[in-house]
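Chain residues, written in single-letter form:
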Amino acid sequence: MAFVCATGKHRRPSRMKRTTAQAAGIAALTTTGVIGTLAVPALAAETSAEQTGLLPVITADDSVAQQIDAQAEAQKQAAEQKAAEEAARKAAAERAREAKERAAREAQRKLLTTYVAPIAHSYVSTGYEASSSLWSSGHHTGIDFHAATGTTVHAVGYGTVVETGWGGAYGNQIVIRMHDGTYTQYGHLSSIGVVVGQQVVAGQQIGLSGATGNVTGPHLHFEARTSPEYGSDIDPVAYLRAHGVNL
C-alpha cells in the first residue's frame, strides 16, 4: 500500500501545542513510574518564560494606574484650591463693598449732622428778641454776629438754597431749607455766592457779610425759622446749640 506525504515545510508546533504535549508526556511518565530528570526542568523553564513575559505587563499597568490616580488627586487639589481662592476673593470683595457702604453712610451721617457757626471766630453782638424801635416788630427776630464787611459767611449745615436777593430791611439775604425741615436766614450781605436750588454743606462759603438794608453798621443777621417767611423765627442760639454749636 502506498503512502502519500504532504508537500511543504514542516512548521514548528505552537507554544500551546508544545506545552500541552509536555504536560501529556509528564502524565504518561508519572503513570508508568518513570519520570525523566530533564522533563520537569524543561517544563519549568517553559513556564518561567511564560511568567517572565507577563510580569512586566502587570507592573506597567500598576504604574499607569498610580500615575492616573496621582493626576486625579492633583487635579482635585488644584480645583479645591481654586475654589477656596475664589471664595476668599468673593469674601474680600464683599468686605470691601460693606466697608465702602459703611463709609458712605458715615459720611452722609456727618454731612447731615454737622453744624457750624455762620461766622467763624466771632461772637453774638445783639441777642434774640432784644427790644428796640430799630426793628419793625419791636424786637430782634434773630441774632447779630460781629463781622466786618467782606467776612466769609458759612452755611450752618446741610441744606438747599430756597431764596436769594434783596430782602427789604434785611438787605441782600439768603434763605436755606435745612435737611430737617427748618430754615436759616443770612442777612445784610455785601455779596451772595449761591443760587436758588443749590445744595450746600456745613462750613461752605455762601456769601460775604456787609451793611446792606436797615443797619447801623456791618454785621451778619442770622435767623432760624420754621418756614422761609418772616415771623416764623425761633431762638437761633438754642437752635445752634441743639446742633452742637457752642456760642
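This text follows the structure it describes.
What comes next concerns the included structure. These numbers were taken from a predicted model, which means no experiment stands behind them. (Residues numbered from 1 in each chain as written. Predicted model: local features only at pLDDT ≥ 70, side-chain atom pairs only at ≥ 80, totals over all residues. Heavy atoms only, no water.)

A few points about the overall build of the protein
- For the protein, the helix and strand inventory stands at 3 helices and 10 strands.
- Taken from N to C terminus, the helices and strands of the protein fall in the order α-α-β-β-β-β-β-β-β-β-β-β-α.
- A burial count over the protein gives 23% of its 247 residues as buried.
- Excluding contacts between residues fewer than 6 apart, the proportion of contacts in the protein whose partners are at least 24 apart in sequence is 59%.
- Total accessible area computed for the protein in this model is approximately 15,700 Å², and 58% of it derives from carbon and sulfur atoms. (Helix = DSSP H or I, 4+ residues; strand = E, 2+ residues; numbered from the N terminus. Buried < 20%, exposed > 50% of the residue type's maximum accessible area, 1.4 Å probe, protein only. Contact = heavy atoms within 4.5 Å. Areas by Shrake-Rupley, 256 points an atom, 1.4 Å probe, with all protein chains shown as cover.)

Thoughts on the pairing of strand E8 (residues 205-209)
- Across 3 bridges, the pairing between strand E3 (residues 152-154) and E8 is antiparallel. Bridge assignment links Thr 152 to a residue of E8, and that residue is Leu 208.
- Examined bridge by bridge, strand E6 (residues 183-192) and E8 share 3 bridges and lie antiparallel to one another. Looking at E8, one finds that Ser 191 is bridged to Leu 208. (Pairing = 2+ DSSP bridges.)

Quick look at the environment of Ser 191
- As for its position among the elements, Ser 191 is in strand E6.
- It is 8.7 Å that separates the C-alpha atoms of Ser 191 and Ile 206, two residues lying 15 residues apart in sequence.
- Beyond its immediate sequence surroundings of up to four residues, Ser 191 is in contact with Gly 207 and Leu 208.

Looking at the nonpolar core
- Counting residues in hydrophobic clusters, the biggest one holds 25 residues, and the most contacted among them are Ile 174, Ile 176, Tyr 186 and Ile 206.
- Of all the secondary-structure elements, those providing two or more residues to this core are strand E2 (143-146), strand E5 (172-178), E6, strand E9 (219-225) and helix H3 (236-242).
- If near-sequence neighbours (up to four positions away) are discounted, Ile 174 is found in contact with Val 161, Glu 163, Thr 164, Thr 184, Gln 185, Tyr 186, Leu 189, Ile 192, Val 194 and Ile 206. (Core = buried A, V, L, I, M, F, W, Y, C linked by side-chain atoms within 4.5 Å.)

Describing the pattern of salt bridges
- Under the definition given, this model contains 5 salt bridges.
- Between Arg 97 and Glu 94 there is a salt bridge whose closest N-O contact spans 2.3 Å. Highlighted residues: Arg 97 and Glu 94, both in helix H2 (residues 39-113), separated by 3 residues, approximately one helical turn.
- For Arg 97, a relative accessible area of 37% puts it in the partly exposed group.
- Among the residues examined, Glu 94 registers a relative accessible area of 33% and is labelled partly exposed.
- In this structure, Glu 101 engages Arg 97 in a salt bridge whose closest nitrogen and oxygen atoms are separated by 2.5 Å. Here Glu 101 pairs with Arg 97, and both are found in helix H2, just 4 residues apart, close to one helical turn.
- Shared partners join several salt bridges into a network, and the residues in it are Glu 94, Arg 97 and Glu 101. (Salt bridge = Lys/Arg side-chain N within 4 Å of Asp/Glu carboxyl O.)

A word on the pairing of E9
- For E9, the buried fraction is high: 7 of the 7 residues fall into the buried class.
- Side chains His 219, His 221, Glu 223 and Arg 225 project from E9 onto one buried face, and the interleaved Leu 220, Phe 222 and Ala 224 project onto a second face that is buried too.
- Of the pairings in the sheet, the one linking E6 to E9 comprises 5 bridges and is antiparallel in character. Of the residues in E9, the one forming a bridge with Tyr 186 is Phe 222.
- Note: E9 against strand E10 (residues 233-234), 2 bridges, orientation antiparallel. Paired with Arg 225 across the bridge in E10 is Asp 233.

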